[in-house]
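Here are the chains, one letter per residue:
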Amino acid sequence: MIYSDVLGHMQRNLDDELERLRASGSRSDAIVEELRLANFRLREMSHTDELTEVGNRRSFDLRAPREISRSSRFGHAFSLLMIDIDGFKKFNDEFGHPKGDAVLRALGALMRSASREGDVPCRVGGEEFAFILPETGKADGLVFAERFRRRVESSVMAPDSLNPITVSIGLAAFPQDGRNSDEIVWAADEALYESKRAGRNRVTAYPRKSDEVPARLTRVFLERASDESTPCASGI
């Protein structure tokens, strides 16, 4: 919170200085351009989680309603994944917070590398992350989520090298699972909790009977995701 407040204060100062220079015309264009770039970098920093280098909660809270509006305007679907690291509190208790931070950084790196053009990966809580997937319906969202879950399991290991780090994922899709960002986030969270209740390390789509992907079709999609995944284990 202090970090965000400082960035916000610096950004306001830069905005004021930039406006003053534009009005007075007393400085060179080069200085104005330098301030503009500095202002842009601060805006980026204020929307980026410092540890994981994905979007922060502020970024998520801005982008989710924006994607709802865009998808509604153009008649597109989009999917939201809510992701939680399984047993993370126990991990921190056993291995310590520096190792926990290393896991968070590794997950952030995986999210960035898995992102397609337009995707928005964010850290929305301590060990909770989100993926906004524009123009991605529920079936394709399931494929993406299952591929990502397998990638985490195969590439991030605990320091004892005995147990993989795993994630539980909940998926909700616009417009069938909600018409605004609050409804979509609620539905994805409900699906995430179901993944936890069912044993963790799995993907669950929000259950709307009229809109569910048929079970046989879902199996085909998940088998395709399994075939396309390429395990490469590495330790933390």
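Details of the structure are given in the entry above.
All figures in this text were calculated on a predicted structure; none of them were measured in a lab.

Draft legend 1. Representation of the overall build of the protein chain. The number of helices and strands found in the protein chain is eight helices and five strands. Counting the 236 residues in the protein chain, one finds 43% classified as buried. Sequence-distant contacts, at least 24 apart, represent 68% of the contacts inside the protein chain between residues at least 6 apart. Carbon and sulfur atoms provide 50% of the accessible area of the protein chain, an area that totals close to 12800 Å².

Draft legend 2. The packing of aromatic side chains, seen in detail. Within the structure shown, the criterion is met by six aromatic pairs. Both rings, one in Phe88 and one in Phe91, keep their centres 6.2 Å apart while their planes meet at 5°; by these two values the pair is stacked. Here Phe88 pairs with Phe91, and both are found in helix α4 (residues 88-95), just three residues apart, close to one helical turn. A relative accessible area of 8% means that Phe88 is categorised as buried. A centroid spacing of 5.8 Å and a plane angle of 90° characterise the contact between Phe131 and Phe148, whose relative ring orientation is edge-to-face. Taken together, the residues span a long stretch of sequence, with Phe131 in strand β3 (residues 128-134) and Phe148 in helix α6 (residues 138-155) at a distance of 17 residues.

Draft legend 3. Structural detail: the sheet that holds strand β1 (residues 78-85). Taking strand neighbours across the sheet as the criterion, the five strands line up as β2-β3-β1-β4-β5 in an open arrangement whose pairing is mixed. Of all the strands in the sheet, the pair left with one neighbour each is β2 (120-123) and β5 (203-205). Averaged over all adjacent pairs, the angle separating strand axes in this sheet is 20°, with direction ignored. Alignment of strand β4 (residues 167-174) against β5, held across three bridges, turns out to be parallel. Across the sheet, Gly170 pairs through a bridge with Thr204, a residue of β5.

Draft legend 4. A look at the packing of helix α5 (residues 97-114) against α6. Two elements in contact, α5 and α6, have axes separated by 11 Å at closest approach and are oriented at 140°. Comparing their axes, α6 and α5 come out oblique. In terms of crossing hand, the pair formed by α5 and α6 is right-handed. In this structure, α5 contributes Leu107, Leu110, Met111, Ser113 and Ala114 to the contact, and α6 contributes Phe144, Phe148, Arg151, Val152 and Ser155. Along the lines of polarity and charge, the residues of the contact of α5 with α6 split into seven nonpolar, two polar and one charged.

Definitions and cut-offs
- Residues numbered from 1 in each chain as written.
- Predicted model: local features only at pLDDT ≥ 70, side-chain atom pairs only at ≥ 80, totals over all residues.
- Heavy atoms only, no water.
- Helix = DSSP H or I, 4+ residues; strand = E, 2+ residues; numbered from the N terminus.
- Buried < 20%, exposed > 50% of the residue type's maximum accessible area, 1.4 Å probe, protein only.
- Contact = heavy atoms within 4.5 Å.
- Areas by Shrake-Rupley, 256 points an atom, 1.4 Å probe, with all protein chains shown as cover.
- Phe/Tyr/Trp six-rings, centres within 6.5 Å; stacked < 30°, edge-to-face > 60°.
- Pairing = 2+ DSSP bridges.
- Axes fitted to C-alpha atoms, helices over the stretch in contact; angles between N-to-C directions.
- Parallel < 35°, antiparallel > 145°, perpendicular 65-115°, else oblique.
- Left-handed = near helix turned anticlockwise from the far one by under 90°.
- Nonpolar A, V, L, I, M, F, W, Y, C, P; charged D, E, K, R; others polar.

Such coordinate-based values are descriptive only and should not be taken to indicate function.
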